[in-house]
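# Secondary and tertiary structure notes
Read off the chains here:
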Amino acid sequence: MFYFLTKSALQFGKHTAAVSPTHKLFSFHLSPSTITLRFFISTLENPSELSFAASYLISKLGFSPESALSASKHLNFKTPEKPDSVIHIFKHYGFSQVQTFKLVKKYPRVLSCNPEKTLLPKLEFFHSKGVSNKDIAHILCTYPYILVKSLENCITLNFNFLSNLLESNDKTIAAVKRYSPILYHKADRFLKPCVDILEEYRVPKKHIASLVHRWPRSVMMSPNHLRRIVEEVRKMGCDPLKPQFTTAVMVMRLLSESGWERRLGLYKSWGWSEDDVLAAFIKEPWCMMTSDDKIMAVMDFLVNNMDCEPSFIAKNPYLMKPGLKTTFIPRASVVHFLLSERLIEKKPNLVTLFLCSEKMFLEKFVYRFEEAPQLLKLYGDQSYLSK
């Protein structure tokens, strides 16, 4: 241990000795690097101050002295056998050294777990459900506290509940990757009551499943809070039978009151009324999740470059979804060329132009013209510039 600390201090000193002489270590203006070097010197003078666990974290996983000292407060192992076996299991399941470091840094106590009784059964369970090593590492590095939960009474029940709802292990795995804590809290605390509330409002099961699959965080909240959101969305005029209802619930879950008011003001600056904004939200709730900058940029482009009336955009709020540089500008460039060369007589419907698939756009506005190579170059150049 003394050798390791000496070596680390000397390596670190290469960067600090010139600007942080030893006689200045006790000044009242200490830089972070000086504090670290001071820690090394103190430890070298009193090696017993550094616990076995802290020195293990430094030498085995590359922790900084400060991080090791903090993490070691949660550890009391005196020999390397148990932590070595824990690290060995993670390595066996494909964890990289960086991933193991991240996991241990978030949850140091994992090194004190019983690898055979606590870790291995859970890793084997994930494997049995079709979770790849890569996804296991992602899930546990994101939220390692899952490892402290009961396999039988929590993890298995939660996974099976999700699998029954989504009717697919693959979708369940995707949901867990998007929000790993969904396996941590017992299903009857958040997940099941929230699903029950949505069912109570006659939201179709397939729409609930889509919400949980795509935005699992949306159903991991206080059931009373979800009920208030669902009731508010219903009073806005959203139909629980339509897929936009669950999207609206998700948006209201994420959007603060100040965020709503700010975006309301932006749309009103383009001539929309509050009723226009509400009608647009009911049609396409994502229009209220669009960033402030994008709202202004897209509205400016459509109104001033495409001669589009703001009222038309209000009635077609889906136009707020495509990217300005990835969709609007390249496609508009092609259409402007077609109009200038009189290859088409009039400007196409903007909803068709900007919301159709890539394949349909190319077939309708590029490939059917003799100038296709030139159009493709124009379209490709615009796409390239947008990147």
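Remember, it's a predicted structure, so these values are computed and weren't measured experimentally.

## What about the pattern of salt bridges?
This model, assessed by the stated rule, comprises 9 salt bridges. The partner of Glu 231 in a salt bridge is Arg 234, and the shortest N-O contact between them spans 2.4 Å. Of this pair, Glu 231 and Arg 234 are both found in helix α13 (residues 223-236), 3 residues apart, which corresponds to roughly one turn of the helix. Members of the salt-bridge network, linked through shared partners, are Arg 262, Arg 263 and Asp 292.

## Concerning unusual backbone geometry
Here Asp 307, not a glycine, exhibits a phi torsion of approximately 50°, which is positive. Mapped onto the fold, Asp 307 is located in the loop between α17 (292-304) and α18 (310-315). On the accessibility criterion, Asp 307 (64% relative accessible area) is exposed. Positive phi values are uncommon outside glycine, yet Arg 342 reaches one of about 55°. Structurally, Arg 342 is set in the loop between α19 (324-340) and α20 (350-355). A relative accessible area of 75% means that Arg 342 is categorised as exposed.

## Regarding the packing of aromatic side chains
Under the counting rule described, the total for this entry stands at 17 aromatic pairs. Both rings, one in Phe 90 and one in Phe 95, keep their centres 4.9 Å apart while their planes meet at 35°; by these two values the pair is tilted. When sorted by exposure, Phe 90 lands in the same class as Phe 95, which is buried. Plain terms: the ring middles of Phe 301 and Phe 328 are 5.9 Å apart, the flat faces sit at 50° to each other, and that makes the pair tilted. Residue Phe 301 is located in helix α17, and its partner Phe 328 is located in helix α19; the two are separated by 27 residues in the primary sequence.

## With respect to the confidence of the model for the protein
Low-pLDDT stretches of the model should not have their predicted coordinates read in fine detail. Of the residues in the protein, 86% reach a pLDDT of 70 or more, and the chain-wide mean stands at 87. Counting interchain partners and residues more than four positions distant, the pLDDT-below-50 stretch residues 1-48 has 40 contacts. Every residue in residues 383-387 scores below 50 in pLDDT, and together they form 3 contacts with partners more than four places removed in sequence or on other chains.

## Details of α13
For an α-helix, the turn length of 3.6 residues means that residues three or four places apart are oriented alike. In this model, α13 (14 residues) spans 20 Å end to end at C-alpha, consistent with the 20 Å of a helix rising 1.5 Å per residue. Leu 226, Ile 229, Val 230, Glu 231, Val 233 and Met 236 are the residues of α13 that are buried. Looking at the buried side of α13, the elements it contacts are α11 (191-200), α14 (243-254), α15 (257-268) and α16 (274-283). Where α13 ends, the next residue or the one after it, Gly 237, has phi of about 110°, a positive value.

## Considerations on the packing of α19 against helix α21 (residues 358-367)
Helices that pack against each other are described as a pair by the angle of their axes relative to one another and the distance between those axes. For the pair α19 and α21, the least separation of the axes is 11 Å and the interaxial angle reads 15°. By the angle class used here, α19 and α21 are roughly parallel. Crossing of α19 against α21: the hand is left-handed. Packed against α19, whose contacting residues are Arg 331, Val 334, Val 335 and Leu 338, the element α21 presents Glu 358, Phe 361, Phe 365 and Val 366 at the interface. Among the residues making up the contact of α19 with α21, the classes are represented as 6 nonpolar, no polar and 2 charged.

About the criteria used
Residues numbered from 1 in each chain as written. Predicted model: local features only at pLDDT ≥ 70, side-chain atom pairs only at ≥ 80, totals over all residues. Heavy atoms only, no water. Salt bridge = Lys/Arg side-chain N within 4 Å of Asp/Glu carboxyl O. Helix = DSSP H or I, 4+ residues; strand = E, 2+ residues; numbered from the N terminus. Buried < 20%, exposed > 50% of the residue type's maximum accessible area, 1.4 Å probe, protein only. Phe/Tyr/Trp six-rings, centres within 6.5 Å; stacked < 30°, edge-to-face > 60°. pLDDT = per-residue confidence, 0-100. Contact = heavy atoms within 4.5 Å. Expected span 1.5 Å × (residues − 1). Axes fitted to C-alpha atoms, helices over the stretch in contact; angles between N-to-C directions. Parallel < 35°, antiparallel > 145°, perpendicular 65-115°, else oblique. Left-handed = near helix turned anticlockwise from the far one by under 90°. Nonpolar A, V, L, I, M, F, W, Y, C, P; charged D, E, K, R; others polar.

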